[in-house]
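Analysis of the macromolecular model
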Amino acid sequence: MVDVLEHPAAYDLPEHGHEEHHGPTGILKWLTTTDHKVIGLSYTVTAVVMLVIGGAFAEIIRAQLASPNGTLVSLAQYNELFTMHGSVMIYLFAGPFAFGALANIMVPIQIGAPDMAYPRLNALSYWLYLMGSITMLSGFFTAGGAANFGWVAYAPLSNSLNTPGAGADLWIGGLLLTGFSAIFTGVNLVATIFYLRAPGMTMFRMPIFTWNMLVTAILILLAFPVLTAGLIMLYADRHFGTHIFSVAGGGVPVLWQHIFWFWGHPEVYILALPFFGMVTEILAVFSRKPVFGYKGMVFATLSIAALSLGVWAHHMFTTGVVLLPFFSIMSLLIAVPTGIKIFNWIGTMWRGEIWFSTAMLMAIGFVVTFLIGGLTGIYLASPPLDFFTHDTYFVVAHFHSVVMALVLAGMAGLYYWGPKFTGYLLDERIGKIQFWFLFIGTQVFTLPLYLVGLRGMPRRMAIYPHDPQWQFLNDLSTAGAVLIGVSTILFVVNVVVSWKKHPAGDNPWDGQTLEWFTTSPPPHHNFYRLPIIRSERPTWDYNHPEHRSIAHAPAHPSTEDAR
């Protein structure tokens, strides 16, 4: 039962709020739970472990490239490493962390819901993700090694003749499992957001993060079934004698690229939009202002989603089978709503009372790094420039700027929302040191790769004995990767050092949205009471009635139980 409250000067929650126990405890709780918060924490821990594993692969790759004649790994092992590095970071970390981890924890609380719409399906989604991750990584323990055809698995390189062995099949199986996990999570998020919002939580009062998760979930439901179908076709080609992607049997190899990138470009925004939402919330709270251009942000998000479904072939300019002007203009158009978000973030901070917490620093670092990645993406939308840079390290630098921006945003989300779902703050001093290692390391890592790409270094090569002039830039990039590795170690140290040492309180940041109204961590069904929701900042309205806009003051609603 949840009470809807007016705005007294303060509110008191029952003393037993943190003492509630529902169902089993200990390890059995983690294995059998359907509580979205526990499932979200499971996603968070697993995704961070995947980040560490994928980062370790990257460190080995950079160590190999630090010398023109690197001998740290063999050429075959290098192919496995860059394949699995990309696969782990894209499929097993960035996506599940965004729409599995933080969305799972925060979306129901942000809209005043007691849980996800389908709790058992939510639990199944996590176990599919975990099993998919283990399945994909288990390729390293097979006789032929892990998948080695690149994280995009282009045909015919990915057929059974060119890449035999169980590692490739385990890659396909792992990706199918994580794909179904994403689809089920998408269904759950859409149903939860549409049907379980609290009284007064209209669509245009939802936090930007929740809006972004709704759009992300819809994109998942549109894109992931396409990839799932493509993976089944690829497996059938490998084992059942079909020739869908084989010229010899009348198939079309480039069809795989169409299928993959029809998923892959919406996937760029499936990865990015949740982090956009996190950063939007953080910038507003630590600028002590509402989100600048709230509705503009919402419509920009909708525009990005719509346009993302029509730009897949800009990854295929050099194939000669796509209409260059159409996909070029569509790729350039998608920069417009993305640019609107950049200006809205700046507008949110403009003349704000900025608090440079670790979360805020990470969010600002995201904006700077993503801007670099986004601007270089505009160059790649131009066919002549794309022809020049295709399959060079310029492209690698571009998407690593974007992915590292997402890592900064993810860290911002952990520092910002971590106290809400754990009840404890991370150490700010260690956090700020971590930020500088991560931010500087990211720029030192990515910027030399743009230059070495423009000087002609192809991607996916393990040695470059005939071009020693590339070594200096590669050494710089490797040094940046080391700094990023140190930042990851600092984060783990911070979690260990800070564990249960700094109680957060219910609203340590003076947050604005509904999740900061409940306890830290929230009770089993999230809320004992709810404020009257008049705007997109209900907790701020409740705690600061003197600042509440007259325009947001409706006729006095009922204060009877809302649920």
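Please read these numbers as outputs of a predicted model, since none were measured by experiment.

1. Quick look at the confidence of the model for the chain
For the chain, per-residue confidence averages 91 on the pLDDT scale, and 93% of positions sit at 70 or higher. Long-range and interchain partners of residues 7-19, a stretch whose pLDDT sits below 50, account for 23 contacts in this model, where long-range means more than four residues apart.

2. Re the packing of aromatic side chains
Counted under the stated rule, the structure contains 45 aromatic pairs. Measuring from centroid to centroid gives 5.9 Å for F286 and Y416, while their planes differ by 70 degrees, and the two rings are edge-to-face. In this pair, F286 is assigned in helix α7 (residues 254-287) and Y416 in helix α13 (residues 393-422), connecting sequence segments 130 residues apart. The exposure classification of F286 matches that of Y416, with both residues buried. Ring geometry for F366 versus F370: centroids 5.5 Å apart, planes at 20 degrees, classification stacked.

3. Notes on the pattern of salt bridges
Taken as a whole and assessed by the stated rule, the structure comprises four salt bridges. In this structure, D391 engages R460 in a salt bridge whose closest nitrogen and oxygen atoms are separated by 3.1 Å. Here the residue D391 occupies a position in the loop between α12 (383-389) and α13, and R460 occupies one in the loop between α14 (428-454) and α15 (471-498), the gap between them amounting to 69 residues. For D391, a relative accessible area of 30% puts it in the partly exposed group. Taken together, the shared-partner salt bridges in this structure form one network comprising D391, R459 and R460.

4. Considering the environment of A300
In this fold, A300 is placed in helix α8 (residues 294-308). Given a relative accessible area of 3%, A300 falls into the buried group. Once the C-alpha coordinates of A300 and I193 are considered, the two residues, 107 residues apart in sequence, prove to be 19 Å apart. Setting aside residues up to four positions removed in sequence, A300 forms contacts with P337, I340 and K341.

5. Some remarks on the environment of A153
Structurally, the position occupied by A153 is in the loop between α4 (119-137) and α5 (166-195). Residue A153 is classed as buried on the basis of its relative accessible area of 0%. For the pair A153 and P96, spaced 57 residues apart in sequence, the C-alpha to C-alpha distance is 20 Å. Beyond its immediate sequence surroundings of up to four residues, A153 is in contact with S158, W171 and W256.

6. Looking at the nonpolar core
Ranked by internal contacts, the top residues of the largest apolar core, which has 165 residues, are Y91, W171 and F366. The dominant element in this core, judged by the number of residues it contributes, is helix α3 (residues 75-110), at 21 residues. Those residues within four positions of Y91 in sequence are excluded, and the remaining contacts are G86, P96, M136, W151, W171, L175, F260 and W263.

7. Some points on the packing of α7 against α8
Orientation of α7 relative to α8, taken along the N-to-C sense of each, is 170 degrees, at an axis distance of 9 Å. With respect to each other, α7 and α8 are oriented roughly antiparallel. For the pair α7 and α8, the sense of crossing is right-handed. Note on element contacts: α8 touches α7 through M297, T301, I304 and S308, opposite H265, P266, Y269, L273, F276 and T280. A per-class count over the contact of α7 with α8 returns six nonpolar, four polar and no charged.

Thresholds, definitions, all that
Residues numbered from 1 in each chain as written. Predicted model: local features only at pLDDT ≥ 70, side-chain atom pairs only at ≥ 80, totals over all residues. Heavy atoms only, no water. pLDDT = per-residue confidence, 0-100. Contact = heavy atoms within 4.5 Å. Phe/Tyr/Trp six-rings, centres within 6.5 Å; stacked < 30°, edge-to-face > 60°. Helix = DSSP H or I, 4+ residues; strand = E, 2+ residues; numbered from the N terminus. Buried < 20%, exposed > 50% of the residue type's maximum accessible area, 1.4 Å probe, protein only. Salt bridge = Lys/Arg side-chain N within 4 Å of Asp/Glu carboxyl O. Core = buried A, V, L, I, M, F, W, Y, C linked by side-chain atoms within 4.5 Å. Axes fitted to C-alpha atoms, helices over the stretch in contact; angles between N-to-C directions. Parallel < 35°, antiparallel > 145°, perpendicular 65-115°, else oblique. Left-handed = near helix turned anticlockwise from the far one by under 90°. Nonpolar A, V, L, I, M, F, W, Y, C, P; charged D, E, K, R; others polar.

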